[in-house]
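What the coordinates show
These are the residues of each chain, in order.
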Amino acid sequence: MEGTVTISLKDYHTFLETASENAESRNKLILTAKELGVFLSYLASREEIKKHVQSFNVQSKTSKIEFEGNKAIISLRGDI
C-alpha cells in the first residue's frame, strides 16, 4: 500500500523524538530481561522454582520464562 500524508514539521520532529525514545526504552527493557534471566538462573540452581515459573508463564501476557539447563531465558511475547 502506498500513499502520502501531510503533517507539520513540528509533528514530524515530535514523531522522530518519540521513535527514538521508544527504541531506547525497548533496549532498556531487553537489558532488564537479560539481567532478570541471570538472577533466575541463580535461583534455579538453588531452589526448585520451575513449577512456579510454569504457573507464571500461564498467567503472563507479556513475557515467558524458559530454562536451558540451569540458565533462565526471558522472552517477550507479542509486539513488546
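The model shown is predicted, which means the values in this text are computed figures rather than measured ones.

A count of helices and strands for the chain gives 2 helices and 2 strands. Judged by the C-alpha coordinates and their principal axes, the chain covers about 55 × 25 × 20 Å. With 80 residues in all, the chain has 16% of them scored as buried. For the chain, restricting intrachain contacts to residue pairs at least 6 apart in sequence, the fraction spanning at least 24 positions comes to 32%. When the accessible surface of the chain is split by element, carbon and sulfur atoms take 55% of a total near 6900 Å².

Here the focus is the pattern of salt bridges. Between side chains of opposite charge, a pair can form when the charged atoms approach closely. Taken as a whole and assessed by the stated rule, the structure comprises 2 salt bridges. Lys 28 is the partner of Glu 24 in a salt bridge, and the nearest nitrogen-oxygen pair spans 3.3 Å. Taken together, the residues span about one helical turn, with Glu 24 and Lys 28 both in helix α1 (residues 9–44) at a distance of 4 residues. Its salt-bridge partner being Glu 66, residue Lys 64 comes within 3.7 Å of it at the nearest N-O pair. According to the relative accessible area criterion, Lys 64 is partly exposed, its value standing at 32%. Given a relative accessible area of 38%, Glu 66 falls into the partly exposed group.

A word on the pairing of strand β1 (residues 63–68). For a regular strand, side chains alternate in direction, first toward one face of the sheet and then toward the other. Both β1 and strand β2 (residues 71–76) contribute to a ladder of 6 bridges, which runs antiparallel. Along β2, the bridge assignment pairs Ser 63 with Leu 76. Between β1 and the antiparallel strand that follows it, β2, lie 2 residues; Gly 69 among them carries a positive phi value of about 65 degrees.

This paragraph deals with the environment of Ala 33. When you line up the elements, Ala 33 lands in helix α1. The exposure class of Ala 33 is buried, given its relative accessible area of 11%.

So, on to the confidence of the model for the chain. Averaged over every residue, the pLDDT of the chain is 86; residues scoring 70 or more account for 95%. α1 holds the highest mean pLDDT among the elements of the chain, 89, whereas β2 holds the lowest, 85.

Inspection of the secondary structure puts Ser 41 in helix α1. Polar contacts involving the side chain of Ser 41 include one to the main-chain amide nitrogen of Ala 72, which spans 2.5 Å. If sequence neighbours within four positions are ignored, Ser 41 has contacts with Asn 70, Lys 71 and Ala 72.

Rules and cut-offs
Throughout, residues of each chain are indexed from 1 in the direction in which the sequence is written. Reporting in this predicted model follows two pLDDT cut-offs: at least 70 for local features of residues, and 80 or more for side-chain atom pairs to be given and counted; totals over whole chains, interfaces and linings ignore these cut-offs and use all residues. Heavy atoms from the whole structure form the basis of all side-chain values; hydrogens and water molecules are not counted. Numbering of helices and strands starts at the N terminus; helices are DSSP runs of H or I of at least 4 residues and strands are runs of E of at least 2. Only protein chains enter the accessibility calculation, which uses a 1.4 Å probe; a residue is then buried when its area is under 20% of its type maximum, exposed when over 50%, and partly exposed in between. Contacts were defined at the residue level, with two residues in contact if any of their heavy atoms lie within 4.5 Å. Surface accessibility in these figures is a Shrake-Rupley result with a 1.4 Å probe; residues are shielded only by whichever protein chains are displayed. Any carboxyl oxygen of Asp or Glu that lies within 4 Å of a side-chain nitrogen of Lys or Arg is treated as forming a salt bridge with it. A pair of strands counts as paired when DSSP detects no fewer than two bridges linking them. Confidence of the predictor at the level of single residues is given by pLDDT, which spans 0 to 100. Polar contact criterion, stated in full: a pair of N or O atoms within 3.5 Å, where within protein one must be able to donate a hydrogen and the other to accept it, and residues adjacent in sequence count only if both atoms are side-chain atoms.

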